[in-house]
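Below are the chains, spelled out letter by letter.
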Amino acid sequence: MTGRNTDYYDAAFGPLRQGDLDIGAPAAPPSSLDTPPSSLAPPVPFTWTEAHRHACEVRHVQSLAPGERETFLRHVAEKRGKEAAERLRRDAA
């Protein structure tokens, strides 16, 4: 390990450019090699969507024993209706 404080920065973000650490100074203009961070990572699925909730529930139903599965689906039918229970049964099969 070296004694430079910028080693972590170099490893994470590349070499420092003029103005990167100067507080109040304008940043160096971006080069054509700069890549926006949003293009580096895949899109994050939103966990509050109905599709995500349904996928989690399907995995849960698939993990249940057959007797527990029928009990769970019966409760779903009572609370949310027969259509919701049938959709869950079909997707978990």
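Reference entry: report on the structure contained in this document.

What counts as what
Residues numbered from 1 in each chain as written. Predicted model: local features only at pLDDT ≥ 70, side-chain atom pairs only at ≥ 80, totals over all residues. Heavy atoms only, no water. Helix = DSSP H or I, 4+ residues; strand = E, 2+ residues; numbered from the N terminus. Buried < 20%, exposed > 50% of the residue type's maximum accessible area, 1.4 Å probe, protein only. Contact = heavy atoms within 4.5 Å. Areas by Shrake-Rupley, 256 points an atom, 1.4 Å probe, with all protein chains shown as cover. Polar contact = N/O pair within 3.5 Å; in protein donor to acceptor, adjacent residues only side chain to side chain.

What to know about the overall build of the chain
Logical step 1: In terms of helices and strands, the chain carries four helices and zero strands.
Logical step 2: In the chain, buried positions account for 14% of the 93 residues.
Logical step 3: Of the contacts made within the chain by residues no fewer than 6 positions apart, 28% connect residues no fewer than 24 positions apart.
Logical step 4: Roughly 7800 Å² of accessible area belongs to the chain as shown, and the carbon and sulfur atoms make up 61% of that amount.

Focus on the side chain of E57
Logical step 1: Positionally, E57 belongs in helix α2 (residues 50-63).
Logical step 2: Only 2.8 Å separates the side chain of E57 from the side chain of R53, close enough to count as a polar contact.
Logical step 3: Contact partners of E57, with chain neighbours within four places excluded, come to F72, V76, R80 and L88.

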